[in-house]
Amino acid sequence: MRLLAFTLALSVLLQSPVRWIVDAGHGGADGGAVAGTIIESGINLDIALKLEAILGLCGESCVLTRSTDEINYPEYADTLRKKKSFDSNSRVKLIAGTDNGVLVSIHQNKFSQSRVSGAQVFYAKSDGSRELAEKVQYALEQTLGADNTKQAAKIPDTVYIMRTAKCPAILIECGYISNPLEAQRLQTEAYQMKLAVAIALGLVQ
Ligand SMILES: [Zn+2]
């Protein structure tokens, strides 16, 4: 809660004119990465909702790309591919239609080697993305501890909503669901809150 108080105090000084587009990755028919019984989309939503709440408390303007695990698909979207494509296009439209928007996409990572862990921020090629990613990466490093030593990196061109974003855009891989210890943490309210506060701190700075 100390961090939250600090964030609140800081935000009074630094209130920004931007509209944060908080994007919980995947959802609906697309669960994202899966490790055992853990599904990425649910953790993404939990963290995104916390981030939106904290930013809201700080007086920041926010919009969510989804606020539940369900997505209403049109009738023609009768395959997973069509569902995913409908969903990406809706998000892209929302992002493009948001004035002064800054995209913050929340994801969880997965890797074949279970020992790999840690949060990493990726940035789009649009102006301002790299600087923002570095701020959030630094805030995560400060909050999560010294063993979180990853560096902000450029996102591969395969991520559609990041590739098409004209506004500053970052994607945060909060941790690895393939690492048993980190996966356990990622599912707790306390750790999700810690991540959300760190991300909010990085953003408002
Ligand atoms: Zn993902």
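This report concerns the structure included in the present document.

Thresholds applied
Residues numbered from 1 in each chain as written. Predicted model: local features only at pLDDT ≥ 70, side-chain atom pairs only at ≥ 80, totals over all residues. Helix = DSSP H or I, 4+ residues; strand = E, 2+ residues; numbered from the N terminus. Expected span 1.5 Å × (residues − 1). Core = buried A, V, L, I, M, F, W, Y, C linked by C-beta atoms within 7 Å. Buried ≥ 20, exposed ≤ 12 C-beta atoms within 10 Å, placed from the backbone. Contact = placed C-beta atoms within 7 Å. Axes fitted to C-alpha atoms, helices over the stretch in contact; angles between N-to-C directions. Parallel < 35°, antiparallel > 145°, perpendicular 65-115°, else oblique. Left-handed = near helix turned anticlockwise from the far one by under 90°. Nonpolar A, V, L, I, M, F, W, Y, C, P; charged D, E, K, R; others polar. Pairing = 2+ DSSP bridges.

We now examine helix α2 (residues 40-57). Under the 1.5 Å per step criterion, the end-to-end length of α2 is 26 Å for 18 residues, consistent within 8% with the ideal 26 Å. Of the residues one or two after α2, glycine 59 is the one with positive phi, at around 80°.

The next subject is the nonpolar core. By size, the foremost hydrophobic cluster in this structure holds 52 residues, and its most contacted members are Val104, Val136, Ile170, Ile172, Ile199 and Ala200. A total of 9 residues in this core trace back to one element, the largest contributor, which is helix α7 (residues 189-204). Here valine 136 is in contact with Val121, Ile170, Ile172, Ile199, Gly202 and Leu203, once residues within four sequence places are set aside.

α7 packs onto α2 with a crossing angle of 50° between their chain directions and a minimal axis gap of 9 Å. The angle between α2 and α7 places the two elements in the oblique class. Here α2 runs over α7; the crossing is right-handed. Here α2 contributes Asp46, Ile47, Lys50, Leu51, Ile54 and Leu55 to the contact with α7, which in turn contributes Gln192, Met193, Leu195, Ala196, Val197, Ile199 and Ala200. Of the residues contributing to the contact of α2 with α7, the split by class is 10 nonpolar, 1 polar and 2 charged.

Taken in spatial order, the 6 strands of this open sheet run β4-β1-β5-β8-β6-β7, and their pairing is mixed. In the strand order of this sheet, the two ends are held by β4 (61-64) and β7 (153-154), each with one partner. Relative to β7, strand β6 (residues 120-123) is paired through 2 bridges, and the arrangement is parallel. Looking across to β7, one finds that phenylalanine 122 is bridged to alanine 153.

Another aspect to go through is unusual backbone geometry. In this model, histidine 26 sits at a positive phi of 60°, which is unusual for a non-glycine residue. Examined against the element boundaries, histidine 26 turns out to sit in the loop between β1 (19-24) and β2 (34-35). According to the C-beta neighbour criterion, histidine 26 is buried, with 25 such atoms within 10 Å. Even without glycine at this site, asparagine 100 takes up a positive phi of about 55°. Given 11 C-beta atoms within 10 Å, asparagine 100 falls into the exposed group.

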